[in-house]
Amino acid sequence: MSGHSKWANIKRKKGANDAIRGKITTKIGREITIAVRMGGADPTGNMRLKLALSKAKANNIPKDNIKRAIDKGLGNSEGSNYEELTYEGYGPAGTAVMLDILTDNRNRTAADVRHLFSKHGGNLGQDGCVSWMFQKKAVFIVEKEVFGDEDALMEIVLEAGADDMKSEDEVFEITADPDAYDAIEQALGEKGIETASAEITMVPENYVHVSGKDAEKVQDLIDALDESDDIQNVYSNVEYDEE
């Protein structure tokens, strides 16, 4: 999501009901397990684990859950047969959608995702059909009530390697090349500036503005994809009206 839409999505997840929060906890736990299995349990040398732990912190995942996920990663039972995939497709109103998949059954997942796209007015596409519209970026969200000095924040992050910083209604959104993630995180930490979100994500180069019924249809598709057990992340180039 872009700008205020992205921030609204973060707030929605933080305030999600128990059923949705349970799914978020499960997905983040799975990501931690896979990250540990692939790169070890030290986040200093394992960027994927570092990002998963940051996401766990942002979503208030209990420490016991995090420990269990790490322990699973250090073992060799659950998660050993998971496969990582990327699916691409089109949502209503010509929007583009990319999905990060983590599955132990490729055929089941393909059928489920195809069904969700079809049910909500979209189409599952071929590899490469929309990925060219996105770039991988480090994105940091800082709430203005946490740190409201725009000029000072911009100086800090640009000096650390950020590409851009935008001011939205309630937040500052900082974007950078993924290689600058550590430097920006360190610079913010040294100034005691907490982030509401810090991640490496797929950012669209251009957005499709939707409103009214189209906005409802797109959001219904994104919500349905978000709720799927096999889909870790949903990216889209949709931009909503503020209302």
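Nothing here was measured: the structure is a model prediction, and the numbers come from that model.

A few words on the pattern of salt bridges. A complete count under the given rule lists ten salt bridges for this structure. Two residues, Arg-48 and Glu-31, come together in a salt bridge whose shortest N-O distance is 2.6 Å. Of this pair, Arg-48 sits in helix H3 (residues 47–58) while Glu-31 is found in helix H2 (residues 18–39), placing the two residues 17 residues apart along the sequence. Overall, Glu-31 belongs to the buried group, its relative accessible area being 17%. Lys-67 serves as the salt-bridge partner of Asp-71, at 3.0 Å between the closest nitrogen and oxygen. Separated by four residues within a single helix, Asp-71 and Lys-67 lie in helix H4 (residues 63–74), roughly one turn from each other. Since its relative accessible area comes to 39%, Asp-71 is described here as partly exposed. One salt-bridge network, in which partners are shared between bridges, spans Glu-31, Arg-48 and Glu-84.

Further remarks concern H3. In a regular helix each residue adds 1.5 Å, so twelve residues correspond to 16 Å; H3 covers 16 Å between its end C-alpha atoms and thus fits that length. Taken together, the buried positions of H3 are occupied by Leu-49, Leu-51, Ala-52 and Ala-56. On an axial view of H3, the arc spanned by its buried residues comes to 160 degrees, and they lie on one face. Backbone geometry just downstream of H3 places Asn-60 in the positive-phi region, at approximately 55 degrees.

On to the sheet that holds strand E1 (residues 83–90). Sheet architecture is open: four strands sit in the order E3-E1-E2-E9, paired in antiparallel fashion. Pairing within the sheet leaves two strands with one partner each, and these edge strands are strand E3 (123–124) and strand E9 (231–236). Where strand E2 (residues 96–103) and E9 come together, five bridges link them in antiparallel fashion. What sits directly across from Val-97, in E9, is Ser-236.

On to the packing of aromatic side chains. Aromatic ring pairs: the centre-centre distance and the angle between the two ring planes describe each pair. Enumeration over the complete set of coordinates arrives at one aromatic pair. When the ring centre of Phe-172 is taken as reference, the NZ or CZ atom of Lys-144 above it lies at 5.2 Å.

Here we take up the sheet that holds strand E5 (residues 162–167). Taken in spatial order, the four strands make up an open sheet running E5-E6-E4-E7, and their pairing is antiparallel. Unpaired on one side and paired on the other, E5 and strand E7 (197–204) mark the two borders of the sheet. Taking the axes of each pair of neighbouring strands and ignoring which way they run, one obtains an average angle of 30 degrees across the sheet. Its contacts with the sheet place helix H6 (residues 150–160) against strand E4 (134–143), E5 and strand E6 (171–176), and it is angled at close to 160 degrees to E5.

Next up on the list: the pairing of E7. Buried residues dominate E7, accounting for seven of its eight residues. Relative to E7, E4 runs antiparallel, the two sharing eight bridges. Looking at the pairing, Ala-138 lines up with Ile-200 of E7.

A surface patch of negative charge is lined by Asp-149, Glu-150, Asp-151, Glu-155 and Glu-159. Along the polypeptide, Glu-150 turns up in helix H6.

Within E2, seven of the eight residues are buried, which leaves the element mostly enclosed by the surrounding structure. Sheet topology places E1 next to E2; eight bridges connect them, and they run antiparallel. Its bridge partner lying in E2, Tyr-87 is registered against Leu-99. Where E1 folds back on E2, the antiparallel hairpin that results is connected by five residues, among which Ala-93 adopts a positive phi of roughly 65 degrees.

The next subject is the packing of H6 against helix H7 (residues 181–190). Close contact between H6 and H7 brings their axes to 8 Å; oriented N to C, the two are set at 145 degrees. Of the two possible hands of crossing, H6 and H7 adopt the one that is right-handed. Contacts from Leu-153, Ile-156, Val-157 and Ala-160 of H6 reach H7 at Ala-183, Ile-184, Ala-187 and Leu-188. The residue inventory of the contact of H6 with H7, partitioned by class, reads eight nonpolar, no polar and no charged.

Cut-off values and rules
Residues numbered from 1 in each chain as written. Predicted model: local features only at pLDDT ≥ 70, side-chain atom pairs only at ≥ 80, totals over all residues. Heavy atoms only, no water. Salt bridge = Lys/Arg side-chain N within 4 Å of Asp/Glu carboxyl O. Helix = DSSP H or I, 4+ residues; strand = E, 2+ residues; numbered from the N terminus. Buried < 20%, exposed > 50% of the residue type's maximum accessible area, 1.4 Å probe, protein only. Expected span 1.5 Å × (residues − 1). Arc of directions from axis to C-beta. Pairing = 2+ DSSP bridges. Phe/Tyr/Trp six-rings, centres within 6.5 Å; stacked < 30°, edge-to-face > 60°. Lys NZ or Arg CZ within 6 Å of the ring centre and 35° of its normal. Axes fitted to C-alpha atoms, helices over the stretch in contact; angles between N-to-C directions. Contact = heavy atoms within 4.5 Å. Patch = residues over 30% accessible without salt bridge, like charges linked within 9 Å, V, L, I, M, F, W, Y side chains within 5 Å. Areas by Shrake-Rupley, 256 points an atom, 1.4 Å probe, with all protein chains shown as cover. Lys, Arg positive; Asp, Glu negative; His and termini not counted. Charge placed at Lys NZ, Arg CZ, Asp CG, Glu CD. Left-handed = near helix turned anticlockwise from the far one by under 90°. Nonpolar A, V, L, I, M, F, W, Y, C, P; charged D, E, K, R; others polar.

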